[in-house]
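One-letter residues, chain by chain:
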Amino acid sequence: MQLLKDRILSEGIVLNDSILKVDSFLNHQIDPQLMLAIGQEFARQFKHKNIQRILTIEAAGIAVALSTALVMHVPLVFAKKGVSQLMCETSYQAPVHSFTKNICNNVSVIKKFLPPKENILIIDDFLAHGQAVLGLANIIEQAGSNVSGVGIVIEKSFQNGATLIREKGYDLHSLACIREFQNNTVILD
Ligand code: 5GP
C-alpha cells in the first residue's frame, strides 16, 4: 500500500535494530484519513472471507481495527491487557509476551463478545514475533470460532512472526513489509 509505505519512509524513526517508531500517524498521533484508507484496503483483501467480527489487542491496534470494522460493517472487539474490576464476567484468556515492553500480559475477552462459530479477522498494527496474533488466535479458538485472516499494518519480515503465523495455516496480509533496517533507515520490500 503505497500511501502507507511513503509515510513509513518519510516519518518512521528507527529506534534500534528491531523497533520502528511511527508515532506521528499510528501509535500516538493518529491520521484518520490514513486509518480509513487502511481499513478500505483490509476490507478489499478479506472481502471473500465472510468476516463476521474483528478482534484486536489494546491499545495500538484499535484505531486501524475500528476503521476496518466500519468499512466491513462488522463489530470490533479488543482484548484487554491486565486485570480490571470491570472484567468481572467470565472471559477467555491467553498469555501474550509484549515485544516492546518485554513483559508478559494475560489478555482477556469477555465470553459474550465472542460467540462461537464465527469467521473472525485479527487486525494489529505491527507484526514482530507473532505473540500478540497467536494470543488472539488462541482466544478465538477457545471461543470455537475460526481465524479467517490476519491483517497487519507493518510487518517486520526479518523477525519470525510471519513464518509462525503462516505455519499455523492462517491467511496473513501485511500492508507494508520491512525487509531490514540499514544504517537507521527502513528498507521496505
Ligand atoms: P509481536 O507480538 O508480533 O512480537 O509484536 C507485535 C506487537 O508489539 C504489536 O501489537 C505492537 O504494538 C508491538 N510492536 C512490535 N514491534 C513494534 C515496532 O517496531 N514498533 C512499534 N511501535 N510497536 C511494535
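Residues numbered from 1 in each chain as written. Predicted model: local features only at pLDDT ≥ 70, side-chain atom pairs only at ≥ 80, totals over all residues. Heavy atoms only, no water.

S.K.: Looking at this structure, how should I read unusual backbone geometry?
M.R.: Most peptide bonds take the trans form, and the phi angle of most residues other than glycine is negative. Between Glu-58 and Ala-59 the backbone carries a cis peptide bond, its omega angle lying at 0°. Mapped onto the secondary structure, Ala-59 falls in the loop between β3 (53-57) and α3 (62-72). For Asn-102, which is not glycine, the phi torsion reads 55° and is therefore positive. Relative to the elements of secondary structure, Asn-102 occurs in the loop between β5 (91-97) and β6 (104-110). Since its relative accessible area comes to 57%, Asn-102 is described here as exposed. You will see that Lys-117, though not glycine, has its phi angle at about 65°, which is positive. (Helix = DSSP H or I, 4+ residues; strand = E, 2+ residues; numbered from the N terminus. Buried < 20%, exposed > 50% of the residue type's maximum accessible area, 1.4 Å probe, protein only.)

S.K.: Would you explain the packing of helix α2 (residues 32-45) against α3 in this entry?
M.R.: Helices that pack against each other are described as a pair by the angle of their axes relative to one another and the distance between those axes. Viewed as axis vectors pointing N to C, α2 and α3 meet at an angle of 55°, and their least axial separation amounts to 8 Å. In terms of their interaxial angle, α2 and α3 are classed as oblique. α2 and α3 meet at a crossing whose hand is right-handed. Counting all contacts with α2, which are made through Met-35, Leu-36, Ile-38, Gly-39, Gln-40, Phe-42 and Ala-43, the residues of α3 involved are Ala-63, Val-64, Ser-67, Thr-68, Val-71 and Met-72. For the contact of α2 with α3, a count of residues per class yields nine nonpolar, four polar and no charged. (Axes fitted to C-alpha atoms, helices over the stretch in contact; angles between N-to-C directions. Parallel < 35°, antiparallel > 145°, perpendicular 65-115°, else oblique. Left-handed = near helix turned anticlockwise from the far one by under 90°. Contact = heavy atoms within 4.5 Å. Nonpolar A, V, L, I, M, F, W, Y, C, P; charged D, E, K, R; others polar.)

S.K.: How do you make sense of the pattern of salt bridges when you look at a structure like this?
M.R.: Proximity of charged atoms lets side chains of opposite charge pair with each other. Counted according to the given criterion, the structure contains seven salt bridges. Taking the shortest distance from any N to any O, the salt bridge between Arg-53 and Glu-118 comes out at 2.6 Å. One end of the pair, Arg-53, is in strand β3; the other, Glu-118, is in the loop between β6 and β7 (119-127), and 65 residues separate them in sequence. Judged by its relative accessible area of 11%, Glu-118 falls in the buried class. With a shortest N-O distance of 2.9 Å, Arg-179 and Asp-189 are connected by a salt bridge. Placement of Arg-179 in strand β9 (residues 172-182) and of Asp-189 in the segment after β10 (185-188) is noted, with a sequence separation of ten residues between them. (Salt bridge = Lys/Arg side-chain N within 4 Å of Asp/Glu carboxyl O.)

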